[in-house]
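One letter stands for each residue in the lines below.
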Amino acid sequence: PTVKVNGNAIEATLPTGESVSVHLYGATVTSWKLANGQEQLFVSSKAILDGSKAIRGGIPVVFPVFGPPPPNHATSSLPQHGFARSQNWEFLGKSSSESLGKKDSTVKLDFGLSSSMLSEQFRKAWPYEFGLVYSVILSPESLETSIHVQNKGSQPFDFHVLLHNYFKIPDVSKIRVQNLQSLTYTDKTDNAKNKQETSKEISITGETDRIYLDTDPTAPVSITQDGKALFSITREGLNTVTVWNPWVEKAKGMSDFGDEEYKGMVCVEPGAVKSWQVLEGGDAWEGTQTIRPRL
Ligand code: TA6
């Protein structure tokens, strides 16, 4: 694999042609291309990449809180979705390994964010000693991203984590999201009411913002078109899956998102956001997603 630094992004290309690009701002994966050069992730044409706002697209890392922080909580004065996606991470290095017996066929990029790197504002808002290591692993068969959370202090802290995948799709009216049937979900477009998913596949016909709870992480959640999987996601340690499309009105309301762009994207976001993960001082926690593209 070749790995190069391009401004504040790290780019890796496999001998087989696949490539990935990771912005140090938020350790946000902003591009994942298959060997045929086809881009798999959606990044808005109006995304802000100068570090003044979370990148609208790719795979933002959400930590330590998902959504608007609750009142009377350690995260209360953090911005929506926490600080991880809005801080510069450091590139810790690369390693390559083999997959399916082929030497050097995959590449792993590691990124770090620790409490000492936080802005004064965020450190004051959430004064815990922590260390995050985010690994991005590219192979010809998949893109895997994994977040390792370490509590480096003596006090326990609680957190959410979520990998906010923006998938690039040809036409939102033609895709379905499969394998969430019979799960309970929180419907953010309907006063956060909890509902049962009765259909075998979900179509997107309007603003959609649902947090599926207690998923079987080994059951692939798939985004399909005409019965073929465009993406399949399995997880470890991430037992919620959020499905989001802003649709017309919310798209118009986002300055870093084109009015029509909702038609070419869908977010399917593995996370651990049903309840607070509690991490005792000195302990660590890890969550991983593996995304398999249409091959
Ligand atoms: O993806 C779920 C969600 O929480 C939506 O409710 C919407 O707010 C989205 O995240 C984007 O949030 P952002 O803060 O990036 O505009």
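If you're wondering where the values come from, they're calculated on a predicted model, not measured in any experiment.

## Some words on the side chain of asparagine 165
- For asparagine 165, the location among the structural elements is in the loop between β10 (157–163) and β11 (166–168).
- From its side chain, asparagine 165 meets the backbone oxygen of valine 268 in a polar contact 3.0 Å long.
- At 2.7 Å, the side chain of asparagine 165 and the side chain of glutamine 289 are in polar contact.
- Beyond its immediate stretch of four places on either side in the chain, asparagine 165 contacts Gly58, Ile59, Ile233, Val266, Cys267, Val268, Glu269, Pro270, Gln289 and Ile291.

## Some points on the UniProt feature "active site" (unreviewed entry) in the protein chain
- The residues that UniProt annotates with the feature "active site" (unreviewed entry) are His164 and Glu269. Over a stretch of 106 residues, the named residues converge on one spot in the fold, their C-alpha atoms separated by at most 4.8 Å.
- Along the chain, glutamate 269 falls in strand β20 (residues 265–279).
- Classification of glutamate 269 as buried rests on a relative accessible area of 1%.
- Apart from residues no more than four positions distant in its own chain, glutamate 269 is found in contact with Phe66, Leu162, Leu163, His164, Asn165, Thr240, Val241, Thr242 and Trp244.
- Here the side chain of glutamate 269 touches histidine 164 through a polar contact of 3.4 Å, side chain to side chain.

## Some words on the packing of aromatic side chains
- Taken as a whole, this structure holds 21 aromatic pairs when the rule is applied.
- An angle of 75 degrees between the planes, with centres 5.4 Å apart, marks the rings of phenylalanine 159 and tryptophan 285 as edge-to-face. Residue phenylalanine 159 is located in strand β10, and its partner tryptophan 285 is located in strand β21 (residues 284–293); the two are separated by 126 residues in the primary sequence.
- Overall, phenylalanine 159 belongs to the buried group, its relative accessible area being 0%.
- Take tryptophan 285: its relative accessible area is 16%, and that puts it in the buried class.
- Three or more aromatic residues joined by ring pairs make a cluster, and in this case those are Phe63, Phe83, Phe122, Trp126, Tyr128, Phe130, Phe157, Phe159 and Trp285.

What counts as what
Here the residue index of a chain counts from 1 through its sequence in written order. Whole-chain, interface and lining totals are the exception, using all residues; otherwise, since this is a predicted model, local features are given only for residues with pLDDT of at least 70 and side-chain atom pairs are given and counted only at 80 or more. With hydrogens and water stripped out, all remaining heavy atoms of the structure feed into the side-chain values. A run of H or I in DSSP counts as a helix once it spans at least four residues, and a run of E counts as a strand once it spans at least two, with each numbered from the N terminus. Whenever two N or O atoms come within 3.5 Å, that pair is a polar contact, provided that in protein one can donate a hydrogen and the other can accept it, and provided that, for residues adjacent in sequence, both atoms are side-chain atoms. Any two residues whose heavy atoms approach within 4.5 Å at even a single point are treated as in contact. UniProt positions are given in the numbering used here, feature names are shortened, and annotations may be inferred rather than shown by experiment. Accessibility here uses a 1.4 Å probe with only protein chains present; expressed as a share of the type maximum, an area under 20% marks a residue as buried, one over 50% as exposed, and anything in between as partly exposed. Classification of ring pairs uses Phe, Tyr and Trp, with its six-membered ring standing for Trp, and accepts pairs whose centres are within 6.5 Å; under 30 degrees between planes counts as stacked, over 60 as edge-to-face, and the remaining range as tilted.

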